[in-house]
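# Understanding the architecture of this molecule
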Amino acid sequence: MNEDILTLAVVTGILTSAIRLATPYLFAAVGEAFAQTSGVVNLGVDGIMLVGAFAAFYVTLQTGNVWLGALVAILVGLLMGLLMSFISVTLKAEQGISGIGLYMFGLGLSSLLFKLLVGTVQTVEGFRAVKIPLLGDIPVIGAIFFQHSIPVYAAFLLVPLAWWFLEKTTWGLKIKAVGQNPAAADSLGVSVDKVRYFSVCLGSALAGLAGASLSTALVNLFQENLTAGLGFIAVALVYFGGWKPVGILAGALLFSAVNAFQLWMQVLGANISSDVAVMLPYLLTIAALVFATNRVRQPAALNKPFERGEN
Amino acid sequence: MPPAPQSAPQKPLARLPWKNLLFGAALPVAAMLAAFLLGAVVLLALRVNPFTAYASIFSGVFGSLSGFTQSLVKATPLLLVGLGICIAFRASMINIGAEGQIILGALGATAWSLAFRDLPGWLLLPGALVASFLAGALWGFVPGLLKARFRVNEILSTVMMNAIALQLMNLLIRGPLIDPAGVAAGTYLAQSERLPESVWLLRLIPQTLLHTGSLLAVGLAVVVYIFLWRTTIGFRIRAVGLNPDAARYAGINVPGYQALSLTLAGGFAGLAGAVEVMGVHHRLLEGITSGYGFSGIVAALFGGLHPLGLIPAAWLFGSLLVGADKMQRAVQVPSALIDTLLGLVVLFVVGSAYLSRQWAARREIALSKQGKESEG
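Residues numbered from 1 in each chain as written. Chains lettered and ligands numbered in written order. Predicted model: local features only at pLDDT ≥ 70, side-chain atom pairs only at ≥ 80, totals over all residues.

## Points about the overall build of chain A
- Counting its secondary structure elements, chain A contains 12 helices and 0 strands.
- Taken over the C-alpha trace, chain A has a radius of gyration of 20 Å; the compact-globule value for 311 residues is 19 Å, and the two agree within 12%.
- The C-alpha extent of chain A, read off along each of the three principal axes, is 65 × 45 × 40 Å.
- Burial status across chain A gives 53% buried among its 311 residues.
- Look at the contacts in chain A between residues 6 or more apart in sequence, and 79% of them connect residues 24 or more apart. (Helix = DSSP H or I, 4+ residues; strand = E, 2+ residues; numbered from the N terminus. Rg over C-alpha atoms; globule rule 2.2 N^0.38 Å. Buried ≥ 20, exposed ≤ 12 C-beta atoms within 10 Å, placed from the backbone. Contact = placed C-beta atoms within 7 Å.)

## Examining the overall build of chain B
- In terms of helices and strands, chain B carries 14 helices and 0 strands.
- In sequence order, the secondary structure elements of chain B are arranged as α-α-α-α-α-α-α-α-α-α-α-α-α-α.
- The C-alpha atoms of chain B give a radius of gyration of 23 Å, which matches the 21 Å a tight globule of 376 residues would have.
- Principal-axis analysis of the C-alpha atoms places the extent of chain B at approximately 90 × 55 × 35 Å.
- In chain B, buried positions account for 50% of the 376 residues.

## Some details on the interface of chain B and chain A
- Contacts between the two partners involve 35 residues from chain B, matched on the other side by 39 residues from chain A.
- Of all elements in the fold, only α5 (121–150), α6 (154–174), α12 (292–302) and α14 (336–375) of chain B reach the threshold of two or more residues within the side of chain B that touches chain A.
- Broken down by element, the side of chain B that touches chain A gets its largest block of residues, 13 residues, from α14(B).

## Quick notes on the nonpolar core
- By size, the foremost hydrophobic cluster in this structure holds 219 residues, and its most contacted members are Ala29(A), Leu237(A), Val345(B) and Val346(B).
- Here this core takes 16 residues from helix α9 (residues 192–218) of chain A, the largest share from any one element.
- When residues are assigned to domains, this core turns out to be shared by domain 1 (1–7 + 15–48 + 333–376) and domain 2 (74–323) of chain B, each giving three or more.
- Residues within four places of Ala29(A) in sequence aside, it is in contact with Ala234(A), Leu237(A), Val238(A), Gly241(A), Ile248(A) and Ala252(A). (Core = buried A, V, L, I, M, F, W, Y, C linked by C-beta atoms within 7 Å. Domains from an automatic or database assignment.)

## Description of the packing of helix α2 (residues 50–62) of chain B against helix α13 (residues 307–331) of chain B
Residues and elements named next belong to chain B.
- One can describe the packing of α2 onto α13 by two numbers: an axis separation of 7 Å at closest approach and a directional angle of 120 degrees. The pairing of α2 with α13 is recorded here as oblique in orientation. Crossing of α2 against α13: the hand is right-handed. Of the residues in α13, those touching α2 at Thr52, Ala53, Ser56, Ile57, Phe58, Gly60 and Val61 are Ser319, Leu320, Val322, Gly323, Ala324, Lys326, Met327, Ala330 and Val331.
- Each residue belonging to the contact of α2 with α13 can be placed in one class, and the counts come to 10 nonpolar, 5 polar and 1 charged. (Axes fitted to C-alpha atoms, helices over the stretch in contact; angles between N-to-C directions. Parallel < 35°, antiparallel > 145°, perpendicular 65-115°, else oblique. Left-handed = near helix turned anticlockwise from the far one by under 90°. Nonpolar A, V, L, I, M, F, W, Y, C, P; charged D, E, K, R; others polar.)

## What about the domain arrangement of chain B?
All names here are of chain B.
- Domain annotation of chain B identifies domain 1 (1–7 + 15–48 + 333–376) and domain 2 (74–323).
- On a C-alpha basis, the centroid separation for the pair domain 1 and domain 2 is 29 Å.
- If you look at the interface, domain 1 gives 8 residues, while domain 2 gives 7 residues.
- Elements represented by at least two residues in the side of domain 1 that touches domain 2 include exactly α1 (16–45) and α14.

## A look at helix α6 (residues 150–168) of chain A
All names here are of chain A.
- Counted at 1.5 Å a residue, the expected span for α6 with its 19 residues is 27 Å, and the 26 Å between its end C-alpha atoms agrees.
- Remark: the principal bend of α6, roughly 30 degrees, maps to leucine 158, with a proline, proline 160, within the next four residues.
- All buried positions along α6 are accounted for by Pro151, Val152, Ala155, Leu158, Ala162 and Leu166.
- Next to the buried residues of α6 lie α1 (8–37), α7 (170–180), α9 and α11 (245–267). (Expected span 1.5 Å × (residues − 1). Bend = angle between axes of the 7 residues up to and from the residue.)

## So, unusual backbone geometry
- The phi angle at Trp243(A) is positive, at roughly 65 degrees, despite the residue not being glycine.
- Looking at where Trp243(A) falls in the secondary structure, it is placed in the loop between α10 (230–240) and α11.
- The exposure class assigned to Trp243(A) is buried, which follows from the 22 C-beta atoms found within 10 Å.
- At Arg151(B), a position not held by glycine, the phi torsion is positive, near 55 degrees.
- Its place among the elements puts Arg151(B) in the loop between α5 and α6.
- Given 13 C-beta atoms within 10 Å, Arg151(B) falls into the partly exposed group.

## A few points about the confidence of the model for chain B
Residue and element names in this part refer to chain B.
- Chain-level statistics for chain B give a pLDDT mean of 89 and a share of 92% at 70 or above.
- Overall, residues 1–16 carries pLDDT values under 50, and its contacts beyond four positions in sequence, including any with other chains, amount to 16 contacts.
- Across the predicted assembly, pTM comes out at 0.89 and ipTM at 0.89. (pLDDT = per-residue confidence, 0-100.)

## A look at α2(B)
Residues and elements named next belong to chain B.
- Relative to the 18 Å expected for 13 residues at 1.5 Å per residue, α2 spans 18 Å between its end C-alpha atoms, a close match to the ideal helical length.
- What α2 keeps buried is the set Ala53, Ser56, Ile57, Gly60 and Val61. Down the axis of α2, the smallest arc covering the buried residues is 125 degrees, so these residues share one side. Of the exposed residues in α2, the ones pointing more than 90 degrees away from its buried face are Phe51 and Phe62. (Arc of directions from axis to C-beta.)

## Observations concerning the packing of helix α3 (residues 66–90) of chain A against α9(A)
Residue and element names in this part refer to chain A.
- Following both chains from N to C, one finds α3 and α9 inclined at 145 degrees, their axes separated by 6 Å at the closest point. Along this stretch, α3 crosses α9, giving a crossing that reads as right-handed.
- Taken together, the residues of the contact of α3 with α9 sort by class into 17 nonpolar, 10 polar and 2 charged.

## Quick word on the environment of Ile252(B)
Residues and elements named next belong to chain B.
- Relative to the helices and strands, isoleucine 252 is located in the loop between α10 (244–249) and α11 (254–281).
- The class of isoleucine 252 is partly exposed, set by 16 C-beta atoms lying within 10 Å.
- Placed 57 residues apart in sequence, isoleucine 252 and leucine 195 show a C-alpha to C-alpha distance of 44 Å.

## Details of the environment of Gly82(B)
All names here are of chain B.
- Within the secondary structure layout, glycine 82 lies in helix α3 (residues 65–90).
- Judged by the 38 C-beta atoms lying within 10 Å of it, glycine 82 is buried.
- Here the alpha-carbon distance between glycine 82 and leucine 320, two residues 238 residues apart in the chain, equals 16 Å.
- Setting aside chain neighbours within four positions, we find glycine 82 in contact with Gly296, Ala299, Ala300, Gly303, Leu310 and Ala314.

As structure tokens, this is what we get:
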């Protein structure tokens, strides 16, 4: 059975799933890259995604409007980003532990709201697939790339947009300066705190959107701990991608391809244990971290709260 | 910072530690109150009466002997996990991997007890504890090694190790470790066979769950205190955490001690898994960690990352967890409320650390000014 398992239809299916599944990784990891480029490690991404996923799911369930759901998810992400920035920028708390606190808060809050307001797992009608004219009609390629829902396209468009923003705009340069040498940026009149607030909030809003894409574009439902650590993998992808949107894209595709492969192998009843298969992305993350950590230089002020007159 | 005054006659310095201790306890308590206040707002918004919810937490713990002993039973794994977190945090290693380390410990104790069930109890029981410590330690050693050797961020690697441990357990309790009785009955429940009675931890009060593991945990808290503050290795672990550059300059192998601290942290979390299996459930089953890996972090932070401060902190959070279960049953407020509040407590505790540093610095300046005035 293993010889003829990889037919053209299956390969197309795996690649289509891979593109789709990359969506939440892309939103969350590019968002985290903004925060980290400014020097703040936000480990609460998974918690923000969970609350965002619930918000989008619940609003869609109540109003039937997926767009409103996504908008609310972004706003909720923004609010949690404000909380994270207040704790880690204004109060200069240890970023690792604050992020874990935010994660626990998001995990608890999304479970609490889900149990109180919804109770049972149910599906919503999420974003519909939009076939791109002409391109979507190309055999194989069309099915893989051009017959997805709007959030999927948006996630991939975010990559060049984020690159342009970080490399070609004044704000992007400020974010990088604040992450590399906050004291120098400060002496040139750049408000370190303001830039970090902005970056963390932007990243958190994207994390909220990542959650929304999960609950209203990929699986169209919500359950407790829906993300199952996806947000942490997204943080790892930022290291793996060397803080560059293109690197993150490569990492996200690698991960989603492994995930899609694993899901399809289970569907097809291939002879591997599902527990082993589910372990794959996590093992891959560790391997990726080993591979990436010493290869790229991280923002010099990463994980360091800035205090005037200290350096 | 101005130099500390050498002779400050009218303010005896001996009184300061007490003040600091009070001050140190006041901030976490304030953080807790703030979290509960915010929780009340959330409950009000959800049209739940916060007073009924909070009152049911309190009466759930103090309303009955069973509630009270359960709080001690839940405090036990929290204390053990927290001790490990203390050791790791003291070397500034953030161990988020306790969930996975608990699982490994529970697996180790279960596998040992079932494999060598014919051994006499005096050998089987300590052996199970050692097996759990080693298994947990292994799960801490891997991220420790990755940190020391490849500088891999330990937070991310420990989170991944949690997910891997969970799948490993699922694999084992559905496969090699599955209860033969469940297979025979055709239920295929995902749990292990019941452990031989010789490894069950003694119940301290009949008809309750309170077991000797609680005493073991308190004893180990004292041991960890002595280890961290009275031994060379403990001193070096703390030195690495306080100032890695100075520690390196003093010839301390910084990555080595960081890895050691994570390994020890894993061992203590592993013991927490063992007491759950040997003291409470008497078998390995799904959900064995009950989230202790995360609530243990909260307890450790709340206890000021001090093994002795951790004892009351663990009991406090054990009570909260018991109260949350009772609340869920009595007034139908999901116990996830407590998880939410625990997250807020973490945020507030780490956030207030900065304020307390600032206040401490200000007080020191004020004190030194007073000293100078009295000299002049």
